[in-house]
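# Examining the three-dimensional arrangement
The primary structure of each chain is shown beneath.
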Amino acid sequence: MREVQQLADWPYAKEPFYIAQVQNALLHTISFLMSEQICVTWGFDDAALPDGERLIGFGVMHLSDLYAAVTEHKRHLYIPLLSIKPNIQSKGYGRTIVQYLVEEAERSVRAVAQQRGMAISDHLFLDVYIENNDAIKCYKKCGFRIINEQSPLLDEEENNAPYFVMVKKLV
């Protein structure tokens, strides 16, 4: 949990709201999911950076039923949070992290199916606020597609900010 606090201490801007929202999610939602052992969080670092500045981002993934209505009622992997350190965005780190999470999702789906005999959807989901154009571009480059472009959902916890649901079929 110390690592989560370290991530929450990054210098998140208050605007746009979806940047400030990362800190809140880390301190509340992700901490809860981790304490319940129902999610995995990965930290990503760049060894070329000086000590103390190497942590450049993180991603979280867990088994969910949030979008089971579109997965034939199967559980699926879901990325509830992914972030790059605020002062080093737009350097390709986001794509690297997303690609890693996709690869990890593919391994996880196969492993759970083999070890537990559990049917899990071969689709990976994430949400993105419609204002976060850079993230949307990144996710599309990584093979995700928006499934509710004509009818964004509203995040009641963030003043009804509209967001898209994106999905990628795993191989």
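Let us look at the structure shown here. (Residues numbered from 1 in each chain as written. Predicted model: local features only at pLDDT ≥ 70, side-chain atom pairs only at ≥ 80, totals over all residues. Heavy atoms only, no water.)

### Things to note about the pairing of strand 7 (residues 161–169)
To be explicit about the condition: With a 1.4 Å probe rolled over the protein chains alone, any residue whose accessible area is under 20% of its type maximum counts as buried; one over 50% counts as exposed, and the rest are partly exposed. Going along the chain from the N terminus, every DSSP run of H or I of four or more residues is numbered as a helix, and every run of E of two or more is numbered as a strand. At least two bridges found by DSSP between two strands is the condition for calling them paired.
The element strand 7 is extensively covered by neighbouring structure, given that seven of its nine residues are classed as buried. The pairing of strand 4 (residues 120–129) with strand 7 spans seven bridges and is antiparallel. Bridge pairing in strand 7 places valine 128 opposite phenylalanine 164. Sheet topology note: the strand 5 (residues 145–146)/strand 7 ladder contains two bridges and is antiparallel. Bridging from a neighbouring strand, isoleucine 146 pairs with methionine 166 of strand 7. Hairpin connection from strand 6 (residues 153–155) to strand 7: five residues lie between these consecutive antiparallel strands, with asparagine 159 at a positive phi of about 55°.

### Structural notes on the pattern of salt bridges
Stated formally: Salt bridges are defined as contacts in which a side-chain nitrogen from Lys or Arg sits within 4 Å of a carboxyl oxygen from Asp or Glu.
Summed over the entire model, instances satisfying the criterion amount to three salt bridges. Of the charged contacts, one joins arginine 54 and aspartate 51 as a salt bridge, the two residues approaching to 3.1 Å between their closest N and O atoms. Residue arginine 54 is classed as partly exposed on the basis of its relative accessible area of 33%. Across the pair glutamate 104 and arginine 107 runs a salt bridge whose closest N-O atoms are separated by 2.7 Å. Note that glutamate 104 and arginine 107 are positioned in helix 3 (residues 93–116) at a spacing of three residues, about one turn of the helix.

### With respect to the side chain of histidine 76
Note the threshold: By the criterion applied in these results, polar contacts are pairs of N or O atoms within 3.5 Å in which, for protein atoms, one can donate a hydrogen and the other can accept it, and in which residues neighboring in sequence qualify only through two side-chain atoms. What makes two residues a contact is simply this: any of their non-hydrogen atoms within 4.5 Å.
The topology assignment puts histidine 76 in strand 3 (residues 75–84). Given the relative accessible area of 0%, histidine 76 is considered buried. Here the side chain of histidine 76 touches tyrosine 67 through a polar contact of 3.2 Å, landing on its backbone nitrogen. Leaving out residues up to four positions away in the same chain, histidine 76 has contacts with His62, Leu63, Ser64, Asp65, Leu66, Tyr67, Ala68, Thr71, Ile120, Ser121, His123 and Phe125.

### Focus: the environment of isoleucine 147
Along the chain, isoleucine 147 falls in the loop between strand 5 and strand 6. Residues isoleucine 147 and phenylalanine 125, spaced 22 residues apart in sequence, show a C-alpha to C-alpha distance of 10.0 Å. Beyond its immediate stretch of four places on either side in the chain, isoleucine 147 contacts Val70, Phe125, Val165 and Val167.

Shape descriptors only; they carry no functional weight alone.
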